[in-house]
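Residue-level listing of the chains:
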Amino acid sequence: MTVVPPLTLSALHADYRRGALRPTDVVEHWLARPDAQRAAPVWIATIPPDLLRARAQVLDAVLAADREAALRQPLFGALYAVKDNIDAAGLPTTAACPAFTYAPAVSAAVVDALDAAGAILVGKTNLDQFATGLVGTRSPYGPVPNAFDPAYVSGGSSSGSAVAVALGLVQFALGTDTAGSGRVPAGLNNIVGWKPTREAISTRGVVPACRSLDCVSIFALTVADAARVFAVASKTGSPVELRASAGGFPPLGGPFALAVPQPAQREFYGDADSAALFDTGIAQLEALGASTQDFDYAPWRDVAAMLYEGAHVAERHSGIRAFFDAHADQFDPTVRGIVAGGLRFSATDAFDAAAHLASMKRELATLWDRVDVMAVPTVPTTWTIADVLADPVELNRRMGYYTNFVNLLDLAAIAVPVGFRADGMPMGITLIGPAGSDWRLAELAQRMQVARGLPLGALDAPLPPAERLAAPADVAHVAVVGAHLTGLPLNRELTSRGARLVRKARTAPRYRLYALPGTTPPKPGMVRNADAGGQAIEVEVWALPMAAYGSFVAGIPAPLSIGTIELDDGPPVQGFLCEAVATAGAEDISHFGGWRRYLASKVAP
């Protein structure tokens, strides 16, 4: 009897940890699925069964040798798919154009990173040809039907990746996003779509659409799963973006300012259900602490128009110039018309467009001085495949009403499910923030998804509880217990290095806390108590950029040091410990439960 693997990464790892599942079981379940679900139009190519089984057997051996070490790989034993404009050695790359097909000698940087984290690639997914489209119908391998109703479009261009996740064929998938391709199909299939800051994930090994704008995107059933993937994938990207994400944008734990388009500028093309669902999403964000501010959407729409209606479209021709000029007749007619449209612009036009975009970017960036997050509908409405085939350009343009400006302005965005129309078709909301705000958006997006409580994808499975999100790849989590706490004298040693407060927590009940004599400013010393009688001690967990971690640790004076601290609600973190010899004769203040309470007791009347 085939074992049915869990849908989410945390549940999958829980089964691995208790010995209820092996990677081989996951692969055999995949191979036993009906052939129709592993063929076009969702898939363009899949890994041969013997190679899948061999990969699973290797991971079985890793799991058997050291279970805990194996499961420290965040994606261990999870199935994933990649859009077929991303190279994966052993499978052809087609970009949904058979004449373009080549066999890559090496995988894309992001695929290598996912494999190294224990993930199992199962195949390459269908897409709008050369990632040119938001509808999922522009492929010689066939339109990809929506996961909820095959008469409707799935959204594109990352259509196959999104539907593979929505149907539970894989735990997660990679797409790409240039004009909205990592968000539109997420919104139309009731899943999460993460469009990261540009360069946060390497695009080495990705067939370009618009090289300066392209991003590798992530699809998952939950924000927490997408965050696990991002934590791995972002190790391949620019450390500048990672450091900004870790230190520059603290989570929105309290009230926050939310920008939404002015009501008169909200376009749903007559879809009253989608308009009502957007209002529902805004109300949910307000319940989570948002104070909404309407903003003028017109200039943002003007920027969006630059992508296809101005000289920026010439970059689509630039990326595949040699192949297009020799094989234009091999292109989907709509895609051919878009790429050829770039030929009408001159180099002067391109420089003019770049200057205008830079000016608009400076002007629109002032919005972030007064708000924390922007929210827009992921798509204004949806259409049937027949509708789109009858009017491919105009309906595609409408699909991008709320998406096209994001990459041009170098913003981060996460699409989250928000609800269903009366006909059962899903709709979503997209949270947008400045470059580097990926983790802030993820924390809010998870709160939003959990508050809405919608089932997973098209699977009628319940949404699991919220999880602690994975730490950014370029960040160390450090627990502080004394003078480095918020508002105390040494906290500046963290904040000056770009650290941000993640949360308040408590240690496991295995520690003693002492007031160290003769320290300036006053400091406590925390010691792990190997015997009975330990206490849970209040701490703050801070995210410290790794680039600053060494200088921070080097400045810690004896008898204090950094070691591994056990928390009462999650995995261990680095944190402050004290040499036991230094506590001889020191006042044991463990019964206060934390340094702040002890300090308060010293000033109480």
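See above for the structure.
Keep in mind the model is a prediction, meaning the values are calculated, not measured.

K.L.:
Which parts of the structure should I look at to understand the pairing of strand E10 (residues 411-420)?
P.N.:
Sheet faces and side chains relate simply in a regular strand, where the side chains alternate between the two faces. The buried fraction of E10 is high, at 9 of 10 residues. Two strands pair when backbone bridges link them, and strand E5 (residues 192-195) and E10 are joined in this way by 3 bridges, in the antiparallel orientation. Within E10, the position partnered with Lys195 by the bridge is Ala413. Inspection of the sheet shows E10 paired to strand E11 (residues 426-434) by 9 bridges, in the antiparallel sense. Its bridge partner being in E11, Leu411 is matched across the sheet by Pro434.

K.L.:
So what exactly am I meant to see when it comes to unusual backbone geometry here?
P.N.:
Glycine aside, a negative phi is what most residues show, and trans is what most peptide bonds show. In this structure, Pro521 follows Thr520 across a cis peptide bond, with omega equal to -10°. In this structure, the amide linkage connecting Ala558 to the following residue, Pro559, adopts the cis form with an omega of 10°. The topology assignment puts Pro559 in the loop between helix H21 (546-554) and strand E17 (560-565). Notably, Ala96 is not glycine yet its phi reads approximately 60°, a positive angle. Given a relative accessible area of 0%, Ala96 falls into the buried group.

K.L.:
In this structure, what is going on with the sheet that holds strand E19 (residues 587-588)? I would like to understand it.
P.N.:
Sheets are built from strands paired through backbone hydrogen bonds, the pairs being either parallel or antiparallel. In spatial order, the strands read E15-E14-E19; together these 3 strands make up an open sheet with antiparallel pairing. Two strands bound the open sheet, and with one partner strand each, they are strand E15 (524-528) and E19. Bridge count for strand E14 (residues 511-515) against E19 is 2 bridges, and the pairing is antiparallel. Note that in E19 the partner of Ala515 across the bridge is Glu587.

K.L.:
Would you take a moment to explain the packing of aromatic side chains for this structure?
P.N.:
Aromatic ring pairs are reported here in terms of the distance separating the ring centres and the angle at which the planes meet. This structure, assessed with the given rule, holds 28 aromatic pairs. Judged by centre distance (6.2 Å) and plane angle (45°), the ring pair of Phe130 and Phe323 falls under tilted. With a gap of 193 residues between them, Phe130 in the loop between strand E3 (120-125) and helix H6 (159-166) and Phe323 in helix H13 (residues 321-327) connect regions that are remote in the sequence. Accessibility assignment for this pair places Phe130 and Phe323 in one class, buried. Geometrically, the ring pair formed by Phe324 and Phe331 is edge-to-face, given 5.0 Å between the ring centres and 80° between the ring planes. Its relative accessible area of 4% is what places Phe331 among the buried residues. Here the aromatic cluster, defined as three or more aromatic residues joined through ring pairs, consists of Phe268, Tyr269, Phe278, Phe295, Tyr297, Trp300, Trp383, Tyr401, Tyr402 and Phe405.

K.L.:
Would you mind going over helix H5 (residues 109-116) with me for this structure?
P.N.:
An α-helix turns once per 3.6 residues; consequently, residues spaced three or four apart project the same way. Residues of H5 that are buried: Ala109, Val110, Val111, Ala113 and Leu114. Next to the buried residues of H5 lie strand E2 (79-83), strand E4 (172-177), strand E6 (215-220) and helix H8 (223-233).

K.L.:
Just checking my understanding: could you explain the nonpolar core for this structure?
P.N.:
A general trend in soluble globular proteins is that nonpolar side chains are found buried together. Within the largest apolar cluster, 142 residues are counted, with the highest numbers of intra-cluster contacts made by Val110, Leu114, Leu285, Trp300, Met374 and Phe405. Top contributing element to this core by residue count: H8, with 9 residues. Once you skip the residues sitting within four places of it in the chain, Trp300 turns out to touch Phe295, Leu364, Leu367, Met374, Phe405, Leu409 and Leu411. Within the second largest apolar cluster, 38 residues are counted, among which are Ala479, Val527, Val539 and Ala586.

K.L.:
What is the right way to read the pattern of salt bridges from this model?
P.N.:
Proximity of charged atoms lets side chains of opposite charge pair with each other. Scanning the model with the defined rule gives 21 salt bridges in all. Linking Arg53 and Glu28 is a salt bridge whose minimum nitrogen-to-oxygen distance equals 2.6 Å. Separated by 25 residues along the polypeptide, Arg53 in helix H3 (residues 49-65) and Glu28 in helix H2 (residues 23-32) bring together distant segments of the chain. Here Glu28 falls in the partly exposed class, since its relative accessible area comes to 28%. Counted as one network, the salt bridges with shared partners bring together Arg22, Asp25 and Asp60.

K.L.:
Is there a simple way to explain the environment of Phe268 in this structure?
P.N.:
Take Phe268: it is sitting in the loop between strand E7 (256-261) and helix H10 (272-287). Counting along the chain gives 109 residues from Phe268 to Pro377, while the straight-line C-alpha distance between them is 9.0 Å. Residues in contact with Phe268, not counting those within four places in the same chain, are Ser274, Ala275, Phe278, Pro377, Pro380, Thr381 and Tyr402.

K.L.:
I'm lost on the environment of Ile556 in this one. Help?
P.N.:
When you line up the elements, Ile556 lands in the loop between H21 and E17. Each C-alpha atom of the pair Ile556 and Ala81 lies 45 Å from the other, and the pair is 475 residues apart in sequence. When neighbours within four sequence positions are excluded, Ile556 is seen to be in contact with Ser561, Ile562 and Phe576.

K.L.:
Before we go on, may I ask you to explain the sheet that holds strand E9 (residues 373-377) in this structure?
P.N.:
Strand order in this open sheet of 11 strands is E1-E3-E2-E4-E6-E5-E10-E11-E9-E7-E8, and the pairing throughout is mixed. Single-partner strands in this sheet number two, and they are strand E1 (43-46) and strand E8 (290-295). Here the average twist between neighbouring strands, direction ignored, is 25°. Judged from the 3 bridges that link them, E1 and E3 form a sheet pairing that is antiparallel. Across the sheet, the residue bridging to Trp43 is Thr125, located in E3.

K.L.:
Which parts of the structure should I look at to understand the pairing of strand E18 (residues 573-578)?
P.N.:
Of all 6 residues in E18, 5 are buried; the element is thus mostly enclosed. Sheet topology note: the strand E12 (residues 475-480)/E18 ladder contains 2 bridges and is parallel. Residue pairing for E18: Val478 is matched across the bridge by Gln574. Two strands pair when backbone bridges link them, and E17 and E18 are joined in this way by 6 bridges, in the antiparallel orientation. In the sheet register, Gly563 faces E18, and the bridge partner there is Gly575.

What counts and what doesn't
- Residues numbered from 1 in each chain as written.
- Predicted model: local features only at pLDDT ≥ 70, side-chain atom pairs only at ≥ 80, totals over all residues.
- Heavy atoms only, no water.
- Buried < 20%, exposed > 50% of the residue type's maximum accessible area, 1.4 Å probe, protein only.
- Helix = DSSP H or I, 4+ residues; strand = E, 2+ residues; numbered from the N terminus.
- Pairing = 2+ DSSP bridges.
- Phe/Tyr/Trp six-rings, centres within 6.5 Å; stacked < 30°, edge-to-face > 60°.
- Contact = heavy atoms within 4.5 Å.
- Core = buried A, V, L, I, M, F, W, Y, C linked by side-chain atoms within 4.5 Å.
- Salt bridge = Lys/Arg side-chain N within 4 Å of Asp/Glu carboxyl O.
- Axes fitted to C-alpha atoms, helices over the stretch in contact; angles between N-to-C directions.

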